[in-house]
Protein chains: 2
Amino acid sequence: MTHVVVLGGGFGGLWAARALRKAPVRVTLVDRRNHHLFQPLLYQVATAALNPSNIAVPIRRILRRQRNAAVALAEAVSVDVARRRVILSDGEIGYDHLIVAVGARHSYFGRDEWAVHAPGLKSIEDALDIRRRVFLAFETAELHPDRRREWMTFAIVGGGPTGVELAGALAEISRFTLAADFRTIDPREARILLLEGGDRVLSSLHPDLSAKAERDLRRLGVEVRTKARVTAVDERGVAVGDERIPARTVLWAAGIAASPLLRSLGAPLDRAGRVKVTPELVLPGHADVFVVGDAAYVESDGKPVPGLAPAAIQEGVHAARNVLRALCGEPLLPFRYEDRGILATIGRAAAVADIRGLRLSGLVAWLTWVFVHIFFLIGFRNRFIVMFEWVLAYLTFDRGARLITGDARSILPPPDTSVRRP
Amino acid sequence: MTHVVVLGGGFGGLWAARALRKAPVRVTLVDRRNHHLFQPLLYQVATAALNPSNIAVPIRRILRRQRNAAVALAEAVSVDVARRRVILSDGEIGYDHLIVAVGARHSYFGRDEWAVHAPGLKSIEDALDIRRRVFLAFETAELHPDRRREWMTFAIVGGGPTGVELAGALAEISRFTLAADFRTIDPREARILLLEGGDRVLSSLHPDLSAKAERDLRRLGVEVRTKARVTAVDERGVAVGDERIPARTVLWAAGIAASPLLRSLGAPLDRAGRVKVTPELVLPGHADVFVVGDAAYVESDGKPVPGLAPAAIQEGVHAARNVLRALCGEPLLPFRYEDRGILATIGRAAAVADIRGLRLSGLVAWLTWVFVHIFFLIGFRNRFIVMFEWVLAYLTFDRGARLITGDARSILPPPDTSVRRP
């Protein structure tokens, strides 16, 4: 039986595998994680509003009833397109058709050494790391009030949806959630900076919505700086142009760098490392290999398809259908992106939405955002719990997952022998 | 103002701090974790039924409204009783009265090198480590069917409540939760061993209840072995006497070793390293230092007070009251343990309970267990979500938190270059 291998269990890969559920093929989905992650809500794990498992479901569980699909927990290192084999960190796997949906990470614009000081937000571990850093910063400020200024300054680099959402959530945490919890510091004095290199936040939306988002952020107390080019990041802070900003917590939400695995495909890549596929989502020169989601660069109606979950889903399904067309000897169809809109939330009852030209903001946009995200979550359990958490957070300003977890040394404030407590 | 320092935010320490809420004292609670942990349900995090934050609440959040209490996230290393100072890993803190509630860990009976192969269950990190090991074992068996026997054998050392609960939960995971999720293995074939050194499980309960628990475990498919003395533990398995049992997952639920910090108090310790306190819970020779919970050895009505949450709570409150009596110049009162009963759950609708001589088993005991644990959880949010998770798990046999998370290398099956996948 024809063997279709899908690399990656994100939106593109998972929907590709599911689209093959009634096909006369054998499907193997390979992922180095055991779970599919609902990335649009990952910032809520980083900011203690949700638990990891509310937005992450075992891939094996999702495909349980799809009897033609197997799941392999393994790391794909490269693809040998000539021999039709995927090279794993531990073994190999052969394919007849391959759908590559390996996603992307953040790009530090050639300064990868910044990553250790300014973590990005792509995995559950990233989110728990950010959560730990944020809450530990307040704990450290409480213990060392003389250094509270730098510990209570949070810089977020990148004014796209993730950066905006992180900044809004951090503002709410400091203004509301933690307001009464400390004795020597006032968390409401925390300084939250959103640093965007371009001339407006949410640049993929209409300028009116960018302006509204910026206004909502300022209302929450976020300092929004546009045209702010980050020139240095280290343990103690960040530099914007020549200005040095002491900030013990720097979060990275900028740039995109596709998976290094794609280099092994031998096809031209764009600047972000994405494969320039044919309109049919095919790897040029290899009709048996498809590339989808953040791993692919493709245009639709003359515009690049954006790196959004709905686009990855549409591409995954389209690639699966093209695999079936190839099996039947039918010609492949070009991909056409159906733009269902774009949403970004800022905080409590504040969001912006651009739905096929209909521009919403404030409460209406926020409710749209809430219901769209609940709807697309996988599983009754998660929908119910996330809805419950959001209602409770709305009523109480509290956040349910304010845990500092990790290695024994990383969950304590950093030592400071100069300080002697009373 | 008199400064009362409480070491440890577990049951003993947290209830001690709360009991001082109306007292004319200043309270500082020191813990190296930012959260109070509801340990009786920790095995449910390890077995993917609950999320960490369902059973862990920031100590700072709990004491938010207690204005005379401050919380310090710091590690206490030792106590200088002569100078009345607690030595932290980063600084010092002085006290007028000290309540030591630093708890205990597992004891490996002098074989600490076993710890790396057979993790215990005392912290959130422990629970997530066990969860990772358990689910990764099934993933590895799926990828390497030739070695599935050792990967699908789980040995639990220690037949107390934690061991019984872990064994029951692992049986349910393999028999029900995972039954349909794999393609090359049948999770129902998993072998689960409960190894108890004594002659019955749950030895602190009446022998009739031990027998019932053992019967319920066997019904779930757990191999219960009593008088099983573990003589070796390594990466590949465990030895019982001279018999070697290949088992890639070994969990430790035996023994108790109190915190090494207690040695600095200079008082006699029992074999488990607990301080032998006076009947007033006072450190012998130091009327300003109290020791409670798993850190203390004390008798009540001629019997040792057991290492249970209700006992720690009662001792914490009693120590706080004795502090206040000391401040008023009143004589200290001896501690008397009020035995409210003991409960242990085995699985779905199966538990045993011994409540002041009333011995329950089966569904009645299980419902008692459910309601007692919901009642003692902190916070409406957690009570509601845990109840919801349990109802859903009861109806569907599913578990909501089956995530494998951790370091990049630890979340993949271990490499095996001898195997080449098709």
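The model shown is predicted, which means the values in this text are computed figures rather than measured ones.

*Asks:* Looking at this structure, I do not really get the side chain of S210 of chain A. What am I missing?
*Replies:* Mapped onto the elements, S210 of chain A comes out in helix α8 (residues 207-219). For S210 of chain A, the contacting residues outside a window of four places in its chain are R200, V201, L202 and L205 of chain A.

*Asks:* Is there a simple way to think about the sheet that holds strand β14 (residues 230-234) of chain A in this case?
*Replies:* Backbone-to-backbone hydrogen bonds join strands into a sheet, with any given pair of strands oriented parallel or antiparallel. Residues and elements named next belong to chain A. Sheet architecture is open: three strands sit in the order β14-β15-β16, paired in antiparallel fashion. Edge positions in the sheet fall to β14 and β16 (243-246), since each of these pairs with one other strand and no more. Looking at each pair of strands side by side, their axes are set apart by 15° on average, direction ignored. Of the strand pairs in this sheet, strand β15 (residues 237-240) and β16 are connected by four bridges, and their pairing is antiparallel. Bridge assignment links A239 to a residue of β16, and that residue is R244.

*Asks:* Honestly, the pairing of strand β27 (residues 358-361) of chain B in this entry has me stumped. Any pointers?
*Replies:* As paired strands, strand β26 (residues 350-355) of chain B and β27 of chain B are joined by four bridges and run antiparallel to one another. In the sheet register, V352 of chain B faces β27 of chain B, and the bridge partner there is S361 of chain B.

*Asks:* Is there a simple way to think about the relation of the copies chain B and chain A in this case?
*Replies:* For these two chain copies, the linking operation is a rotation about an axis paired with a shift along it. After a rotation of 180° and a shift along the axis of 0.0 Å, chain B superposes on chain A with an RMSD of 0.0 Å. Interpreted geometrically, this transformation is the action of a two-fold axis. The overlap is high: 100% of the interface residues of chain B also sit at the interface in chain A, so the same surface is used on both sides.

*Asks:* Honestly, the environment of W15 of chain A in this entry has me stumped. Any pointers?
*Replies:* Residues and elements named next belong to chain A. Tracing the sequence through the fold places W15 in helix α1 (residues 11-19). Owing to a relative accessible area of 19%, W15 belongs among the buried residues under this scheme. Each C-alpha atom of the pair W15 and T140 lies 44 Å from the other, and the pair is 125 residues apart in sequence.

*Asks:* What am I meant to see in the interface of chain B and chain A here?
*Replies:* The parts lose accessible area when they come together, and the size of an interface is often stated as this lost area. Each side of the interface is counted separately: chain B has 73 residues, and chain A has 73 residues. Interface of chain B and chain A: buried area, both sides summed, is about 6,100 Å²; carbon and sulfur atoms make up 49% of it. It is R60, R183 and R381 of chain B in chain B that bury the most area against chain A; as a group they hold 13% of the surface buried on that side. Linking chain B to chain A there are 30 residue pairs in polar contact (both at pLDDT 80 or more). Breaking the side of chain B that touches chain A down by element, the ones donating at least two residues are α3 (52-55), β4 (56-58), α4 (59-62), β5 (69-73), β7 (85-88), β8 (91-94), α5 (124-143) and α11 (380-396) of chain B. Looking at the side of chain B that touches chain A element by element, the count peaks at eight residues for α11 of chain B.

*Asks:* Looking at this model, I keep getting lost on the environment of L14 of chain B. Mind explaining?
*Replies:* Residue and element names in this part refer to chain B. Tracing the backbone shows L14 in helix α1 (residues 11-19). We classify L14 as buried; its relative accessible area is 0%. Spatially, the C-alpha atoms of L14 and H144 are 47 Å apart, while their sequence positions differ by 130 residues. Among residues more than four places away in sequence, those in contact with L14 are G8, G9, L29, H36, I59, I62, L63 and I378.

*Asks:* Is there a simple way to think about the confidence of the model for chain A in this case?
*Replies:* Interpretation of this model should avoid reading the predicted coordinates in detail wherever pLDDT is low. Residues and elements named next belong to chain A. Summing up the model confidence of chain A, the mean pLDDT is 94 and the portion of residues at 70 or higher is 98%. Taken as a whole, residues 417-422 scores under 50 in pLDDT and shows 16 contacts with residues more than four places along the chain or in a different chain. The complex prediction reports pTM at 0.94, with the ipTM value standing at 0.92.

*Asks:* Help me understand unusual backbone geometry, please; the structure alone is not making it clear to me.
*Replies:* Residues apart from glycine generally show negative phi values, whereas peptide bonds are mostly found in trans. Residues and elements named next belong to chain A. Backbone geometry places A48, a non-glycine residue, at a positive phi of 70°. Locating A48 in the fold gives a position in the loop between α2 (42-46) and α3 (52-55). Residue A48 is classed as buried on the basis of its relative accessible area of 0%.

*Asks:* How should the packing of helix α11 (residues 380-396) of chain A against α11 of chain B be read in this particular structure?
*Replies:* For any two helices packed against each other, the geometry comes down to the angle between their axes and how far apart the axes lie. Packing of α11 of chain A against α11 of chain B brings their axes to within 12 Å, and their N-to-C directions diverge by 170°. Between α11 of chain A and α11 of chain B, the angle falls in the class roughly antiparallel. Taking contact as the criterion, the partners of F380, R381, F384, I385, F388, E389, L392 and T396 of chain A in α11 of chain A are, on α11 of chain B, F380, R381, F384, I385, F388, E389, L392 and T396 of chain B. Residue composition of the contact of α11 of chain A with α11 of chain B, grouped by class: ten nonpolar, two polar and four charged.

*Asks:* Sorry if this is basic, but what is going on with helix α8 (residues 207-219) of chain B here?
*Replies:* Since one α-helical turn is 3.6 residues long, residues separated by three or four positions face the same way. Residues and elements named next belong to chain B. Taking 1.5 Å of rise per residue, 13 residues should cover 18 Å, and α8 covers 18 Å from first to last C-alpha, within 8% of that figure. Of all the positions in α8, only L209, S210, A213, E214, D216 and L217 are classed as buried. Down the axis of α8, the sector holding all buried residues measures 160°, keeping them to one side. Along its buried surface, α8 packs onto α7 (161-177), β12 (191-195), β13 (222-225), β25 (342-347), β26 and β27. Just past α8, the residue G221 takes up positive phi, approximately 95°.

Each value, and the rule that gives it
Residues numbered from 1 in each chain as written. Chains lettered and ligands numbered in written order. Predicted model: local features only at pLDDT ≥ 70, side-chain atom pairs only at ≥ 80, totals over all residues. Heavy atoms only, no water. Helix = DSSP H or I, 4+ residues; strand = E, 2+ residues; numbered from the N terminus. Contact = heavy atoms within 4.5 Å. Pairing = 2+ DSSP bridges. Axes fitted to C-alpha atoms, helices over the stretch in contact; angles between N-to-C directions. Least-squares fit on C-alpha atoms with pLDDT ≥ 70 in both. Buried < 20%, exposed > 50% of the residue type's maximum accessible area, 1.4 Å probe, protein only. Buried area = accessible area lost by both parts, 1.4 Å probe. Polar contact = N/O pair within 3.5 Å; in protein donor to acceptor, adjacent residues only side chain to side chain. pLDDT = per-residue confidence, 0-100. Parallel < 35°, antiparallel > 145°, perpendicular 65-115°, else oblique. Nonpolar A, V, L, I, M, F, W, Y, C, P; charged D, E, K, R; others polar. Expected span 1.5 Å × (residues − 1). Arc of directions from axis to C-beta.

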